[in-house]
Amino acid sequence: MGKIKIAFLGLGAMGSRMALNLVRAGYDLTVWNRTAKTTEEFVRHGAKQALTPKEAANEADIVISMVRDNEASKDVWFNEATGAIAGMKKDAIAIESSTLTPSWIKEMAALFKQKEIVFLEAPVSGSRPQADAAQLVFFVAGDQNAFDKISPVLEKMGSKISFLGEPGNAAITKLVTNSLLGVQVAALSELIGVIKSNNANVSEILNAVSQTSSWAPVNGYLSSTIINQAFSPQFPVELIAKDFDYIATINNGKENLSLLKRVSEIFHEGIDKGLGSLNMTGVSKLYE
């Protein structure tokens, strides 16, 4: 095989950074984005532009999707006129890196199996700085042999890769990761509000708390953005709210997700108050 040909579908905040790392790594890259103007930077770096996902996937060895949600994923892969699956070779590998529901991932896996195309899910943990630095964490599930083949490609975009078995497991892992993160954002937002209401020094108190075992590594970043009102979007409120909506659908009908339900309501309240485009820690403005 000559140089590996990769098609990358979706050049949003995360996808654009991931794709740029693949260009820099020297892969033969074709890119597609719903807003075609976004592809111009990649063409300047040596990538090729495609007008549809189907065109991008043509002759690609690996096709990677990084889009917003289930609906966007369905359209990118399976749109009757433009979907990538119709352009893929039989020996190509499809990789879905978007944050989606496990049920849709399993349905995708079945659809690709019908077409005799190998499928992997590979959602990522990390935000824009980690994507820029190729330090993302990949959760991968699906075909083990395909995972072994594409690991060197993922290593150009991430620093840690976990293989999790059957399709759907990586989606569960990603939703659990984001839900835990959202709980910490909500807790810090409320607690910083409590500290301020008592006219105490927020930085001094959180510094003392950070010396204890209750302090998670990410809390330093989260609390600093709240204290400094640094809400430039890394992981927007509207997207983490979407992930809480998704995890609420995978509890097999049980009604014991009261904590996650309440945190979800906080993020949706933030959207209602016009905070949806801010970084997730922007929900702290609800407690000012």
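The rules behind the values
- Residues numbered from 1 in each chain as written.
- Predicted model: local features only at pLDDT ≥ 70, side-chain atom pairs only at ≥ 80, totals over all residues.
- Heavy atoms only, no water.
- Helix = DSSP H or I, 4+ residues; strand = E, 2+ residues; numbered from the N terminus.
- Buried < 20%, exposed > 50% of the residue type's maximum accessible area, 1.4 Å probe, protein only.
- Arc of directions from axis to C-beta.
- Polar contact = N/O pair within 3.5 Å; in protein donor to acceptor, adjacent residues only side chain to side chain.
- Core = buried A, V, L, I, M, F, W, Y, C linked by side-chain atoms within 4.5 Å.
- Contact = heavy atoms within 4.5 Å.

## What about unusual backbone geometry?
Positive phi values are uncommon outside glycine, yet Glu 59 reaches one of about 75 degrees. Topologically, Glu 59 is positioned in the loop between helix 3 (53-57) and strand 4 (62-65). When its relative accessible area of 44% is taken as the criterion, Glu 59 is described as partly exposed. Positive phi is not limited to glycine here, since Gln 229 has a value of about 55 degrees.

## A few points about helix 7 (residues 144-154)
Where helix 7 is concerned, the buried positions are Ala 146, Phe 147, Ile 150, Ser 151, Val 153 and Leu 154. Down the axis, helix 7 shows its buried residues gathered within 155 degrees of arc, on one side only. Facing away from the buried side of helix 7 by more than 90 degrees, the exposed set consists of Asn 145 and Lys 149. Structurally, the start of helix 7 carries an N-cap: the backbone nitrogen of Asn 145 is 3.1 Å from a side-chain oxygen of Asp 143.

## A closer look at the nonpolar core
Burial of nonpolar side chains together is a common tendency in soluble globular proteins. Counting residues in each nonpolar core, the largest one holds 32 residues, and the members touching the most others are Phe 8, Leu 22, Leu 29, Phe 138 and Met 157. Mapped by element, the contributors of at least two residues to this core are strand 1 (5-9), helix 1 (13-24), strand 2 (28-32), strand 4, strand 5 (93-96), strand 8 (136-142) and helix 7. Here the element with the most residues in this core is helix 1; it accounts for six residues. The residues touching Leu 29, leaving out its near neighbours within four places in the chain, are Ile 6, Phe 8, Ala 19, Leu 22, Val 23, Ala 47 and Lys 48. Membership of the second largest hydrophobic core comes to 26 residues, among which are Leu 9, Ala 60, Leu 100 and Ala 109.

## Section: the side chain of Ser 189
Inspection of the secondary structure puts Ser 189 in helix 8 (residues 169-197). Here Val 185 takes part through its backbone oxygen, which lies 2.8 Å from a polar atom of the side chain of Ser 189. Non-local contacts of Ser 189, meaning those with residues more than four positions away in its chain, are made with Ile 226, Thr 281, Val 283, Ser 284 and Tyr 287.

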